[in-house]
Amino acid sequence: MSTPMPLDDIRVIELGQLLAGPFCGQLLGDFGAEVIKVEDPGRGDPMRQWGREKPYGKSLWWPVVARNKKSVTADLRTDEGQDLVRRLVARADVLIENFRPGTLERWGLAPERLWEINPGLVITRVTGFGQTGPYSSRAGYGSIGEAMGGIRYVTGDPDRPPARAGVSLGDSLAATFACLGTLVALHQRGRTGRGQVVDSAIYEAVLAMMESLVPEYQIAGYQRERTGTTLPNVSPSNVYPTADGEMVLIAANQDTVFRRLAEAMGRAELATDERYATHGARGRWMEQLDNLIAEWSSTLTSDELLERLHGHGVPAGRIFRARDMFADPHFAAREAIVRLTHPDLGEFAMHNVVPKLSDSPGRVRHVGPELGEHTEDIYRDLLGLDDGAIASLRSAGVI
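Please read these numbers as outputs of a predicted model, since none were measured by experiment.

Chemist: Let's hear about the packing of aromatic side chains: which residues, and what values?
Modeler: Enumeration according to the criterion identifies four aromatic pairs in this entry. Considering the side-chain rings of Phe99 and Trp107, the 5.1 Å spacing of their centres and the 75 degrees angle between planes classify their relative orientation as edge-to-face. Each member of the pair, Phe99 as well as Trp107, is classed as buried. In this structure an aromatic cluster arises from ring pairing among Phe129, Tyr135 and Tyr203. Stacked on the ring of Tyr135, the Lys or Arg Arg138 has its end atom at 3.8 Å from the ring centre. When the ring centre of Tyr153 is taken as origin, the NZ or CZ atom of Arg226, which lies over that ring, is 5.1 Å away.

Here it is, written out as structure tokens:
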């Protein structure tokens, strides 16, 4: 008998595609929710084809974002497909979608109509700009939300145009907040018996990460700018060279930590030098201090440097690539990477579930499913359709 999981009494119907909606479904599925993903019968979620590397034509992204899910097919542009969704939500706790606002309404799946079927249904909607406001009808990809939410402007070097992170940050943030909102709404449903709409906008999820950017401008008239590898007035906190050509990040901007760094450098007097003795002073003399540290770090190999820094209690570490993660003993000890079996690709490694719970942890149970892999099982066992009804839907192209 399998170990119970904290959300294994929750059924989720996922209508979204690409990343923002499906990542929310992935997070819920990681902790045991039954996530039934409804896909177009012709091509499925485009994520099945996305990704930089595709061995044997197989996406390496799809098995991750669709992990722990079940796949059924239904053409939502048909009356029959829409009826299948209504029948599914009647037996569900959560509906996730990330279509442009108004799409569900055009399909006869507006929240008000779904609540007539299931008053306790939580409807989680992830979009670029939210369900209301003058921009709500615009197409909104994650990159646009990152730009509007403020993070693009402050990312990169000051003498170059704004840079982007090498991952889909905006989509993932919106999905994470959508998951948080879903769990809050489920908790509230336990009190009231009623579902509600969770409205997660990509630009607002990015804005939520922007620390004190808004009051800095409103009160102090300060506009944050791109600063490359450093943050203004936070020093030392930078990437420093080593004798073997590696890069090590050292973060010693707190007074007590800087004293320990000065001792590690054999330059204890730096901690009492008026240019470096306080957080504010180090910020003003950042460039000079960085040069001093770089001169010292360049005389040591990365292993020697890290051993000395860790021995003195100074936060420091290499900038990891995937190959470093596979070789790192801490990753291994905490099982940060889990290995599953892919039906075509064999052993398949991916990041594990976070956060870790001591009594009821999440678990990656299987990689993303084949298109429509669970169609007949779900429609027969959950909805009660017989073989004839399923065959009829299939011949009509609905599933």
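Chemist: Which residues make up the side chain of Ser235, and what are the values?
Modeler: Following the sequence through the fold, Ser235 ends up in the loop between α9 (213-220) and β7 (237-241). What makes Ser235 buried here is its relative accessible area of 0%. Apart from residues lying up to four places away in sequence, Ser235 is in contact with Ala252, Asn253, Arg282, Gly283, Met286, Leu289 and Asp290.

Chemist: Now, about the environment of Arg194: what can you tell me, with residues and values included?
Modeler: Tracing the chain through its elements places Arg194 in the loop between α7 (169-192) and β6 (197-201). For Arg194, a relative accessible area of 43% corresponds to the partly exposed category. When the C-alpha atoms of Arg194 and Gly81 are compared, they prove to be 26 Å apart, with 113 residues separating the residues in sequence. Contacts of Arg194, omitting those with residues within four sequence positions, involve Trp115, Pro119, Gly120 and Arg189.

Chemist: Explain a negative patch on the surface residue by residue, including any values.
Modeler: On the surface, Glu370, Glu373, Asp377 and Asp381 cluster together into a patch of negative charge. Here Asp381 shows up in helix α16 (residues 375-382). Given a relative accessible area of 63%, Asp381 falls into the exposed group.

Chemist: Please provide a residue-by-residue account of the nonpolar core, values included.
Modeler: Counting 40 residues, the largest nonpolar core has Ile10, Val12, Cys24, Leu28, Ala33, Val94 and Met350 as its most contacted members. Broken down by secondary-structure element, the contributors of at least two residues to this core are α1 (20-30), α2 (62-65), β4 (94-97), β5 (122-127), α7, α8 (202-207), β10 (337-342) and β11 (346-351). If you tally residues by element for this core, the top one is α7, at seven residues. One finds Leu15, Ala74, Val85 and Val89 within the second-largest nonpolar core, a separate group that totals 30 residues.

Chemist: Tell me what's going on with the sheet that holds strand β3 (residues 69-73), and back it up with residues and numbers.
Modeler: In space, the six strands of this open sheet follow the order β3-β2-β1-β4-β5-β6, with parallel pairing throughout. The open sheet has two edge strands with one neighbour each: β3 and β6. Strand-to-strand twist across the sheet, computed as the mean angle between neighbouring axes with direction ignored, equals 20 degrees. Taken together, the four bridges between strand β1 (residues 11-14) and strand β2 (residues 34-39) define a ladder with parallel strand orientation. The residue of β2 that forms the bridge with Val12 is Val35. Across the sheet, α16 touches β1, β2 and β3, and the angle it forms with β3 is around 85 degrees.

Chemist: I'd love a proper account of helix α12 (residues 286-297), names of residues and values included.
Modeler: The α-helix winds at 3.6 residues per turn, so residues separated by three or four positions along the chain end up facing the same way. With twelve residues, α12 ought to run about 16 Å at 1.5 Å a step, and its terminal C-alpha atoms sit 16 Å apart, in line with that. Residues of α12 that are buried: Met286, Leu289, Asp290, Ile293, Ala294, Trp296 and Ser297. The buried side chains of α12 occupy one side of the element, clustering within an arc of 160 degrees when seen end-on. Set apart from the buried face of α12 by more than 90 degrees, the exposed residues are Glu287 and Glu295. Where α12 is buried, its residues touch β7, β8 (247-251), α10 (255-264), α11 (279-284) and α13 (302-311).

The rules behind these values
Residues numbered from 1 in each chain as written. Predicted model: local features only at pLDDT ≥ 70, side-chain atom pairs only at ≥ 80, totals over all residues. Heavy atoms only, no water. Phe/Tyr/Trp six-rings, centres within 6.5 Å; stacked < 30°, edge-to-face > 60°. Buried < 20%, exposed > 50% of the residue type's maximum accessible area, 1.4 Å probe, protein only. Lys NZ or Arg CZ within 6 Å of the ring centre and 35° of its normal. Helix = DSSP H or I, 4+ residues; strand = E, 2+ residues; numbered from the N terminus. Contact = heavy atoms within 4.5 Å. Patch = residues over 30% accessible without salt bridge, like charges linked within 9 Å, V, L, I, M, F, W, Y side chains within 5 Å. Areas by Shrake-Rupley, 256 points an atom, 1.4 Å probe, with all protein chains shown as cover. Salt bridge = Lys/Arg side-chain N within 4 Å of Asp/Glu carboxyl O. Lys, Arg positive; Asp, Glu negative; His and termini not counted. Charge placed at Lys NZ, Arg CZ, Asp CG, Glu CD. Core = buried A, V, L, I, M, F, W, Y, C linked by side-chain atoms within 4.5 Å. Pairing = 2+ DSSP bridges. Axes fitted to C-alpha atoms, helices over the stretch in contact; angles between N-to-C directions. Expected span 1.5 Å × (residues − 1). Arc of directions from axis to C-beta.

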